[in-house]
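# Results of the structural survey
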Amino acid sequence: MSNIPKLIINNFFFIFFSSYFLIGQEPKPIKAGVAPTNYDYQGNLDAIHYNLEIGLGKKTELIEAKVSIKSVLTKNNPIMRLDFTGLKVDSLLIDGIVSSYTYKDGIIEKKLNGYNYGDTIIITIGYSGKADDGLIIGKNIHGNQTIFVDNWPNRTRFWLPSIDHPSDKATVNYYIHAPKEWKVIANGYLLREPIKTLNDAIGPKEDRLTWSWRTKVPIPTYNMVIGAADLEIHKVGLAACGKAPNSVREDGCIEVTYWVYPEDVENAKLSFKRAGKIVDYFTDLIGPFPYEKLANVQSSTRFGGMENASAIFYSEKAISEGKNIEGTVSHEIAHQWFGDAVTESNWHHLWLSEGFATYFGALFFENADGKKSFNKKMQNSLNRVINSKVSNRPIIDYQEKDLFKLLNSNNYPKGGWVLHMLRGYLGDQIFFEGIREYYKTYVHKSVLTKQFQKIMEDVSEESLEWFFEQWVFNPGYPRFLYEETWDSIADSNGTLNIKITQMQKSEWPIFQIPTEICWSNECKKINLGKKINYFKFDFDQKPLVTGIIDPKGWILKEIVN
Ligand SMILES: [Zn+2]
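Description of the structure in this document.

## Notes on the side chain of Lys 110
- Position of Lys 110 relative to the elements: it lies in strand S7 (residues 107-111).
- Separated by 3.2 Å, the side chains of Lys 110 and Ser 100 make a polar contact.
- If we skip the residues at most four places from it in the chain, Lys 110 touches Pro 78, Ile 79, Met 80, Ile 94, Ser 99 and Ser 100.

In structure tokens form, the structure reads like this:
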């Protein structure tokens, strides 16, 4: 056989039998970001591992892919339900046998009669078409073609059949066939250097390389990403040495890199230069770095940054403009521990991810640049809470059905303040011991707020029900009116009568606030727990200044006149 007839046959096959030109058969996609009504999500099977092969091209928006999903059944005669939408299903096999299924409203469904609880099955799905979301193909800020995945909250299903829910983590192997000029990033570690793609590999028939990435530990589906573009890879350095159990390096360190468009290499330097220091700081403060490496990638994400496990994607624009986005870098790196490695079991507990990343992201600056830099960040957070449009909603807001709307000032700055207040109440030693215990207990698992509360209660040996109830499950924050009057007793000594009123809306709780009032250097401990709180303190001399509630700034509050 010569090359020419083969080419003709290939083209013939390509046009008439491959799915490439059958876009008409792709179903209409469902709406992204709708909260599921059932929290035992697709509770008939537990996805353990995804083995994904995907073919990408430079000259097409069409993809072709095949995924094998290893799952453990959690019911007898279960109903398999996988999230998938907008792309065409070409084939479905269960344990290697072609199987019937239904595919509608964003779900691939199949009743698995004769299967039992605990059985392991392999579901293999071939699919193709143009992804409506999740896998974003288009021109970057410099006009060059790029492909980047952007999943949050539940847009993985637009390009990867999956149990697309943060409660079901799994490991992933990626085999990505992409144009040979491109660099390809994904979660995990690079199994080997990219190799020339076989001619009969799936996807567009361009000159391609095959990149193999795999994760050693399970990650949430919203973290499962690939990126393929003209990127330059730069090393920041090694980090977490001896404290990265999933490192594939002999020295036990992880490599910290940044992957940016060639045009933006200079502009990116400033933002990533301390990325290794940030990793080291969190490793020492929280616990071992959870993943195999850390790549910081310039991308087309719609978010400022997206914390994808071991492959953080950043918005291309800010980097391209030469902005220092170190605040975002610190936030996204903090997510590797909180959000990625310890994941909220459902989206409504998002503060376990975003509140933690907001607070720990700021803590890096407290450690590296001093208290002033940290205080400024906390003050900015406080202002965001006070000016918030969602003050009348609690942090955990089951009423909110639009998951994108959970990206609000309750889950971010208020969530961060909840941790700051807990630290202020418990003290640094107990607070950070609790944080380390929480991370150690739940690394690579998914959690709810109650589980975090329980760990902090165990470590502090006290009930924190009042604290979590008022701050996480109820709306608002205290607004204090402070009044004091002086009663002289003798020549100079006397009594200061203090009245502190909680002025917040009646729909918000009356807050329990253990705190202090200070007059210059003299402080008195108080406990604010009523709508109107009275205190009397005897002084040898009338204080020269008016008292200040919580002068060290541990409490999320507003002082009103
Ligand atoms: Zn975040």
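## A look at the packing of helix H5 (residues 326-337) against helix H6 (residues 351-369)
- At a minimum axis distance of 8 Å, the contact between H5 and H6 shows a crossing angle of 125°. Between H5 and H6, the crossing angle belongs to the class labelled oblique. Along this stretch, H5 crosses H6, giving a crossing that reads as right-handed. For the pair H5 and H6, the contacting residues are Glu 326, Gly 327, Ser 330, His 331, Ala 334 and His 335 in the first and Ser 353, Glu 354, Ala 357, Thr 358, Phe 360, Gly 361, Phe 364 and Phe 365 in the second.

## Points about the nonpolar core
- In terms of nonpolar packing, the biggest core is built from 150 residues, with Trp 351, Phe 360 and Phe 452 touching the most fellow members.
- Of the residues forming this core, the biggest block, 10 residues, is contributed by H6.
- Residues within four places of Trp 351 in sequence aside, it is in contact with Phe 356, Ile 395, Ile 396, Asn 411, Gly 415, Val 418, Leu 419, Thr 449, Phe 452, Phe 468 and Val 472.
- Counting 9 residues, the second-largest nonpolar core is a separate cluster that includes Ala 35, Tyr 222, Met 306 and Leu 350.

## Let's talk about the coordination of the zinc ion
- Around the zinc ion, the donor atoms from the protein are His 331 (NE2), His 335 (NE2) and Glu 354 (OE), and they sit 2.0 Å away.
- Written as a sequence motif, the donor arrangement for the zinc ion is H-x3-H-x18-E. Of this pair, His 331 and His 335 are both found in helix H5, 4 residues apart, which corresponds to roughly one turn of the helix.
- You can call His 335 buried: its relative accessible area is 0%.

## Examining the pattern of salt bridges
- In total, this model carries 31 salt bridges according to the counting rule given.
- Linking Asp 207 and Lys 196 is a salt bridge whose minimum nitrogen-to-oxygen distance equals 3.3 Å. Within this pair, whereas Asp 207 is found in the loop between strand S13 (189-196) and strand S14 (208-214), its partner Lys 196 is found in strand S13, the two being separated by 11 residues in sequence.
- For Asp 207, a relative accessible area of 40% corresponds to the partly exposed category.
- Since its relative accessible area comes to 56%, Lys 196 is described here as exposed.
- Residue Arg 274 pairs with Glu 326 through a salt bridge whose shortest N-O separation is 2.7 Å. Taken together, the residues Arg 274 in the loop between helix H2 (265-272) and helix H3 (275-285) and Glu 326 in helix H5 connect sequence positions 52 residues apart. Pair check on accessibility: Arg 274 and Glu 326 agree, each one buried.
- The structure contains a network of salt bridges with shared partners spanning Lys 58, Lys 180, Glu 181, Lys 196 and Asp 207.

## Structural notes on the pairing of S14
- Taken across its 7 residues, S14 has 5 buried, putting it largely inside the fold.
- Direction of pairing for strand S11 (residues 171-179) relative to S14: antiparallel, over a ladder of 7 bridges. What sits directly across from Tyr 175, in S14, is Ser 212.
- Taken together, the 5 bridges between S13 and S14 define a ladder with antiparallel strand orientation.

## Some details on the sheet that holds strand S3 (residues 79-83)
- Strands sit in the order S3-S7-S6 across an open sheet of 3 strands; the sheet is antiparallel. Taken across any chain shown, the strands that pair with only one partner, and hence form the sheet edges, are S3 and strand S6 (102-104). For this sheet, the mean angle separating the axes of adjacent strands, direction not counted, is 20°.
- Bridging between S6 and S7 involves 3 bridges; their strand directions are antiparallel. Bridging from a neighbouring strand, Thr 102 pairs with Glu 109 of S7.

## Some points on the side chain of Asp 164
- The topology assignment puts Asp 164 in the loop between strand S10 (145-149) and S11.
- Look past the residues within four positions of Asp 164 in its chain and what remains in contact with it is Tyr 41, Asp 83, Asn 154, Arg 155, Thr 156, Arg 157, Thr 221 and Trp 347.

## Let's talk about the environment of Ala 357
- If you trace the backbone, Ala 357 turns up in helix H6.
- Taking relative accessible area as the criterion, Ala 357 reaches 0% and is therefore assigned buried.
- Considered as a pair, Ala 357 and Ala 334 are 23 residues apart in the sequence and their alpha carbons are 5.1 Å apart.
- For Ala 357, the residues in contact, after removing those within four places along its chain, are His 331, Ala 334 and His 335.

## Points about the sheet that holds strand S5 (residues 97-98)
- Sheet architecture is open: 8 strands sit in the order S5-S4-S8-S2-S1-S11-S14-S13, paired in mixed fashion. In this open sheet, the two strands that pair with only one neighbour each are S5 and S13.

Procedures and definitions
- Residues numbered from 1 in each chain as written.
- Predicted model: local features only at pLDDT ≥ 70, side-chain atom pairs only at ≥ 80, totals over all residues.
- Heavy atoms only, no water.
- Helix = DSSP H or I, 4+ residues; strand = E, 2+ residues; numbered from the N terminus.
- Polar contact = N/O pair within 3.5 Å; in protein donor to acceptor, adjacent residues only side chain to side chain.
- Contact = heavy atoms within 4.5 Å.
- Axes fitted to C-alpha atoms, helices over the stretch in contact; angles between N-to-C directions.
- Parallel < 35°, antiparallel > 145°, perpendicular 65-115°, else oblique.
- Left-handed = near helix turned anticlockwise from the far one by under 90°.
- Core = buried A, V, L, I, M, F, W, Y, C linked by side-chain atoms within 4.5 Å.
- Buried < 20%, exposed > 50% of the residue type's maximum accessible area, 1.4 Å probe, protein only.
- Donors = N, O, S within 2.8 Å, 3.2 Å for Na, K, Ca; no water.
- Salt bridge = Lys/Arg side-chain N within 4 Å of Asp/Glu carboxyl O.
- Pairing = 2+ DSSP bridges.

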